[in-house]
Amino acid sequence: MLSPFELIGRFVDLMNTGGVVMWVLFVLNFFLWYGLGYRYFILKRGTKGNVRRLITKHETRGEEQAMRGLLDHAVADALDAAQEAKAIGADVRKHINGVLLPYYSDVNSYRIMIRTIVVLAPLVGLLGTVMGMIETFDALQSSTMFAQGASISGGISKALFTTELGLVVAVPGLIVGRVLDRKAERYELEFEQITDIISTKDAA
């Protein structure tokens with residue numbers, strides 16, 4: 001069994017085979033999965049049932065209602081905002097929208113960064129391939145390169161390795177990011193429902 005230091009050494013050697021582009025892709029991959037992980041935990045629902053029923057529960061139980069997810073907190077804040085708006089004579093809908101604005105921001109956290117990395121990673125990988133091919137063809141001019149046929153194939157495989165890693169970074173990020181985007185869109189619709197239901201009740 002390899003020791004941690006040996007594993008780190010092999011990882012560094014593997015990354016160095018593709019040059020500096022490999023390290024750039026590693027950094028992009030780190031930020032990508034950090035953003036995906038953050039969005040995943042933010043978008044964990046925790047609360048079951050439709051919005052109308054959830055609002056009724058909060059109105060009935062008040063502070064005794066358990067906070068199980070983002071939607072619970074949004075409903076509680078929206079109800080407090082509605083009461084505050086009535087107390088000061090402000091527009092209830094605008095007051096609720098103002099309170100829910102941070103929630104819209106939370107469900108869309110790192111969305112642009114994830115999309116940017118998904119687009120950028122294959123291009124960075126392609127750049128590494130081009131750089132590797134240029135180095136390989138430059139080396140072909142030396143007689144020693146012609147004497148070692150394995151070096152040619154090794155140089156080409158090294159060049160193509162960065163493109164492979166770029167796709168490995170981008171494809172999972174594209175799939176997981178799209179799933180999280182759908183969840184975020186669902187939350188946005190539910191926030192609008194919260195505003196409509198509470199505003200309609202107060203108007204009635």
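Here we summarise the structure given alongside this text. (Residues numbered from 1 in each chain as written. Predicted model: local features only at pLDDT ≥ 70, side-chain atom pairs only at ≥ 80, totals over all residues. Heavy atoms only, no water.)

### Some thoughts on the packing of aromatic side chains
The geometry of an aromatic ring pair is captured by the separation of the ring centres together with the interplanar angle, meaning the angle of the planes.
Item 1. This model, assessed by the stated rule, comprises eight aromatic pairs.
Item 2. Here Phe30 and Phe31 contribute two aromatic rings whose centre-to-centre distance is 5.6 Å and whose plane-to-plane angle is 75°, an arrangement assigned as edge-to-face.
Item 3. What makes Phe31 partly exposed here is its relative accessible area of 40%.
Item 4. The interplanar angle of 80° and the centroid separation of 5.2 Å between the aromatic rings of Tyr38 and Tyr110 together place this pair among those described as edge-to-face. Of this pair, Tyr38 sits in helix α2 (residues 20–42) while Tyr110 sits in the loop between α5 (92–107) and α6 (111–139), placing them 72 residues apart in sequence. (Phe/Tyr/Trp six-rings, centres within 6.5 Å; stacked < 30°, edge-to-face > 60°. Buried < 20%, exposed > 50% of the residue type's maximum accessible area, 1.4 Å probe, protein only. Helix = DSSP H or I, 4+ residues; strand = E, 2+ residues; numbered from the N terminus.)

### Looking at the environment of Val51
Item 1. With respect to the secondary-structure elements, Val51 resides in helix α3 (residues 51–61).
Item 2. Measuring from C-alpha to C-alpha, the distance between Val51 and Glu190 comes to 6.7 Å, with 139 residues separating the pair along the chain.
Item 3. With residues up to four places along the chain from it excluded, the contact list for Val51 reads Leu71, Glu190, Gln193, Ile194 and Ile197. (Contact = heavy atoms within 4.5 Å.)

### A look at α3
For an α-helix, 3.6 residues make a turn, and residues three or four places apart therefore share a direction.
Item 1. Inspection of α3 places Val51, Leu54, Ile55 and His58 among the buried residues, and these make up the whole buried set. The arc that holds every buried residue of α3, seen down its axis, measures 100°, which confines them to one face. Facing away from the buried side of α3 by over 90 degrees, the exposed positions are Arg52, Arg53 and Thr60.
Item 2. Following α3 by one or two positions, Gly62 adopts a phi angle in the positive range, close to 65°. (Arc of directions from axis to C-beta.)

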